[in-house]
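Chain residues, written in single-letter form:
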Amino acid sequence: MTTSPHHQPPPRVVRKLAVEVVDARDLLPKDGQGSSSPYVVVDFDGQKRRTSTVCRSLNPVWNETLEFEVSDPNTMKDEAIEIEVFNDKRMSNGNARKNHFLGRVKQYGTQFARRGEEGLVYFQLEKKSVFSWIRGELGLRIYYYDELVEEQGKEDDPPQQHQQKNEKERTVVIGPQEDVRVLEVPVLREHVMEGSQSPPIVTIEESPPMVTVHPEHHHNYHHHDMSLPRGMQPEPITQPPQVQYQREVRKMQAGRVGCNERVRIHKRPNGDYSPRVISGKSAVESERVPAYDLVEPMQYLFIRIVKARGLAAKESPHVKIRTSSHFEKSKPATIKPGEMSGNYEWHEVFALPHNKLDSGHSTLEISVWDFPSEQFLGGVCFDLSDVPVRDPPDSPLAPQWYRLEGAGDDPNSGVVSGDIQVSVWIGTQADDAFPESWSSDAPYVAHTRSKVYQSPKLWYLRVTVIEAQDLDIAPNLPPLTAPEVRVKAQLGFQSIRTRRGAMNNHTASFFWHEDLIFVAGEPLEDSLILLVEDRTGKDPVLLGHVMIPVASIDRRLDERHVASKWFGLETNGGMYCGRIHLRLCLEGGYHVLDEAAHVCSDFRPTAKQLWKPAIGVLELGILGARGLLPMKPKGGGKGSTDAYCVAKYGKKWVRTRTITDSFDPRWNEQYTWQVYDPCTVLTVGVFDNRRMFADVADDKPDCRIGKIRIRVSTLESNKVYTNSYPLLVLLHSGLKKMGEVEIAIRFACPSMLPETSAIYGQPLLPRMHYLRPLGVAQQEALRCAAIKMVAGWLARSEPPLGAEVVRYMLDADSYTWSMRKSKANWFRIVAVLAWAVGLAKWVDDIRRWRNPVTTILVHLLYLVLVWYPDLIVPTGFLYVFLIGVWYYRFRPKIPAGMDTRLSQAEMVDPDELDEEFDTIPSSKPPEIIRFRYDRLRALAARVQTVLGDFATQGERVQALVSWRDPRATKLFIAVCLMITVTLYVVPPKMVAVALGFYFLRHPMFRDPMPPASLNFFKRLPSLSDRLM
């Protein structure tokens, strides 16, 4: 008997996680002899590895790599790795009883980098408990990679042992471990694949709220039963599903109590420009929390046209869809290479607004027509009352084959034959097929679909120009003239020039030691160009250049030293003409600002390894808009508005579909973001779509309708706010209300967990911003470059997000001069100092005995505090606590929108608005520019006077002991000596009581003239008399 050869199983892909333990710095001595013998223990997914022990060193170096096997790559982002450092007691000569804890580092799967993208990061060692004493840093490289592993079958292994071995390999700890932040919520009733588990642990991932099904995958679905038209027998097909549903957001929603209920918040009247509460839909009791619980469900009739077979078409056929109120046409069909003639494919989905009241007596007609002859090739009809309803997370409805029928005595009818594969169902905007569908209220598909965009990953590129040698300087310079050599660096559209180089006469070298910083965006395809120029004469002379690919530059995640390199300079002919010494690095420890710092939506650094875990989820439901104004002309004298909404938070941009020709559009789309810092701002803007009517060559910019900002920290945890906000725009004619936008927002996070509360004690920006800070002017220039790069990146998407939209959402013109903004900032300062003015008025009223009862009570309180000074500090904090409790009654009930009064936009002068909208350089006539310049000079003169007064008061304080006025200084030091003797003799409590009662004496004992001390201070000299 012949035996079959041993079957070799196919190789499988195994993901490995590598932890490279490099070194540690400044560890704590724990061996009792002023040193430590540290080793590192790494724990990941139940697997533990340890390094060797470095004997007696507080700055140990290991350079060891520990590898772990990832049990499930799909859930790697949910895992955490814990690295602990211990002191080895065996190396302590008997002085240590146990392996003392030296610190730990905890990282999450979202911070792991792929091999080749990792970097050396020094993590601050953390405590295990509040009473631990820990210091030092641990240098790590953490990365993962995939490798193919060939499995060899072993026939001699007993099945039982093999099964036990597999069970041991599959052992995974999924429960919450110590110090792991999890959110436990009830598990929803969802379809779970066989063999999978659903532990009650919610992990927060950054993912789009809706699953987009691409057209090329529309033919893979589960089989669903559906009521069929009378007389037709379908041929069912069963294919595997290709859609994976994200359940994290739904689980978090399911754990909240009453998350479907709308919160009614009373409105504070402040005119027509204040946000107001709008009524929400009633809560529906259900076992499952819908994914779109913040918005109103909108019913749609979905028709998926997949393909056809056996058609008698001469050209490329197309499909017409007709109901009682809608009519749509598909694009011409295509033929897959290698298919038989008569087999065509469309792979299109149509979404038609559906009304349940009209479905009982309506039919759906799907007909196939030849193009361009318009011959009828057959059709099929559906009774809408028999169409099934699909509610996610149900699997997609399987398309089925239907026999095409003729149209009777139609003269345009051709040969009717063949079958068409379609699926019809009723769903909502939560359906996974909705984002890519052709909708009747958004006919221009290329520019009207809802989309999710991602900003590019931006880096700061630091170029340190150190020196240049062997330069070919012109020898015919005038006597005593040093050559002016500068280095010009270019990266894309960015260009920076160094200062004049210092020359070393002994070596003929030029030195700069100057940092140039650029913004570089991934993919790093550009090259850095450095030009060495001699600008001694009128025309600059190029001495040499060098091109450096940005992708070849080292990446730095912290402040570690980067080695410098010499680069050879070349001429245009490729000849050597010197060399330049540079230090180059891509800074991953900074956050590249593309928004103004006070309205920033993200503060994470560029390097993913430095990200902290998310603290919650921000959910935004864009309901619609009301009362929008006409934005473009239309026939018949009536204007039209084609509005869409854009929301931006962090790196994620979302864009709703465009509702055409509607002043009250209803979007009802919901999106989610991960929140890493609550002190961030969400920006929502509404725009009028004009690009969908423009040709490719004629790019019409979209027109702004208005925007709002909502600070996440002002939202209470797990509370739904459903409000209407006014859309305000400043035009040349003044402030104008363009309509209102209705949104529902919820910040889902644990309210007072230690991780959430600890955020408020951490620095706002990443660590590198404080170790190597950037200048204000430099930061603003880099922000402008970042905005331009983000706008260029999003403009290449389909549909494009215009540069005017990006600049408006990012406040690109916030740094420009504006008289209105200057007034607004001045009144903000006045409002901040109003409490001090109010306190001074209250003290003055006490001194003048305008309310004798209050004055007497203040006297008694003053006596108590003087006699018991230990009560002063706690009494002050108690007073602040009571103030906070009192103002709790007046807390804002809804997130605030734009404040017109604070912005000084209600009564702004037209000329000031015209100046605010003027370009740089100005495009106005010289007379207007001269008038504005004179006005600015007058304002600057007043500011100059105020600044001079502040300087005068400070100089008078210095003049007390500077002997500029000898008589005044003698009087002052004599009085100081008398006060010293008095305080030595008289008890201080008696002095304090006497001074307090003297200050609060009755007006009948007070001279109306200024006191002698104030007169003495005003007579002191200042430096103002020495100004020219």
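This text follows the structure it describes.
Novice: I'd like a rundown of the overall build of the protein chain, residues and numbers included.
Specialist: Scanning the protein chain from terminus to terminus reveals 16 helices and 39 strands. Residue burial in the protein chain is summarised as follows: out of 1028 residues, 43% are buried. Restricting to contacts in the protein chain with at least 6 residues of sequence separation, those with at least 24 account for 71%. In the form shown here, the protein chain has an accessible surface area of approximately 56300 Å², with 56% of it arising from carbon and sulfur atoms.

Novice: With reference to specific residues and values, describe the pairing of strand β1 (residues 12-25).
Specialist: Of all 14 residues in β1, eleven are buried; the element is thus mostly enclosed. For β1 and strand β4 (residues 61-69), the ladder comprises seven bridges, and the chain directions are antiparallel. Counterpart to Ala18 in the pairing with β4 is Glu67.

Novice: Outline the pattern of salt bridges, supporting the account with residue identities and numerical values.
Specialist: Taken as a whole and judged by the stated rule, the model has 51 salt bridges. Glu514 serves as the salt-bridge partner of Arg499, at 3.3 Å between the closest nitrogen and oxygen. Of this pair, Arg499 sits in the loop between β24 (494-497) and β25 (502-504) while Glu514 is found in strand β26 (residues 509-521), placing the two residues 15 residues apart along the sequence. Among the residues examined, Arg499 registers a relative accessible area of 44% and is labelled partly exposed. The partner of Glu804 in a salt bridge is Arg691, and the shortest N-O contact between them spans 2.6 Å. Taken together, the residues Glu804 in helix α7 (residues 803-809) and Arg691 in the loop between β36 (681-688) and β37 (703-711) connect sequence positions 113 residues apart. Through salt bridges that share partners, Asp911, Asp914, Glu915, Asp918, Lys924, Arg932 and Arg935 make up one connected network.

Novice: Give a detailed account of the packing of helix α10 (residues 852-867) against helix α15 (residues 988-999), specifying residues and quantitative values.
Specialist: Interhelical geometry of α10 versus α15 gives an angle of 160 degrees and a closest axis separation of 10 Å. Of the possible angle classes, the one that applies to α10 and α15 is roughly antiparallel. Seen along the crossing, α10 lies across α15 with a hand that is right-handed. Each of His859, Tyr862, Leu863, Val866 and Trp867 in α10 lies in contact with α15, whose residues at this interface are Lys989, Met990, Ala992, Val993, Gly996 and Phe997. Across the contact of α10 with α15, the residue classes tally to eight nonpolar, two polar and one charged.

Novice: Any details on the sheet that holds strand β38 (residues 720-731)? Residues and values, ideally.
Specialist: Read across the sheet, five strands follow the order β11-β38-β39-β32-β35 without closing on themselves; strand pairing throughout is antiparallel. Each edge of the open sheet carries a strand with a single partner, namely β11 (276-277) and β35 (666-675). Here twelve bridges tie β38 to strand β39 (residues 734-748), and the two strands are oriented antiparallel to one another. Across the sheet, Pro726 pairs through a bridge with Glu740, a residue of β39.

Novice: Please give an account of the nonpolar core that cites residues and values.
Specialist: Nonpolar side chains in soluble globular proteins tend to end up buried together. In terms of nonpolar packing, the biggest core is built from 36 residues, with Leu618, Leu620 and Trp673 touching the most fellow members. Elements represented by at least two residues in this core include exactly β32 (616-626), β33 (643-649), β35, β36, β37, β38 and β39. Broken down by element, this core gets its largest block of residues, five residues, from β39. Residues within four places of Trp673 in sequence aside, it is in contact with Gly616, Val617, Leu618, Leu620, Ala647, Tyr649, Lys652, Val654 and Leu682. In terms of nonpolar packing, the next biggest core, distinct from the first, is built from 34 residues, Leu66, Ile83, Phe101 and Leu557 among them.

Criteria and thresholds
- Residues numbered from 1 in each chain as written.
- Predicted model: local features only at pLDDT ≥ 70, side-chain atom pairs only at ≥ 80, totals over all residues.
- Heavy atoms only, no water.
- Helix = DSSP H or I, 4+ residues; strand = E, 2+ residues; numbered from the N terminus.
- Buried < 20%, exposed > 50% of the residue type's maximum accessible area, 1.4 Å probe, protein only.
- Contact = heavy atoms within 4.5 Å.
- Areas by Shrake-Rupley, 256 points an atom, 1.4 Å probe, with all protein chains shown as cover.
- Pairing = 2+ DSSP bridges.
- Salt bridge = Lys/Arg side-chain N within 4 Å of Asp/Glu carboxyl O.
- Axes fitted to C-alpha atoms, helices over the stretch in contact; angles between N-to-C directions.
- Parallel < 35°, antiparallel > 145°, perpendicular 65-115°, else oblique.
- Left-handed = near helix turned anticlockwise from the far one by under 90°.
- Nonpolar A, V, L, I, M, F, W, Y, C, P; charged D, E, K, R; others polar.
- Core = buried A, V, L, I, M, F, W, Y, C linked by side-chain atoms within 4.5 Å.

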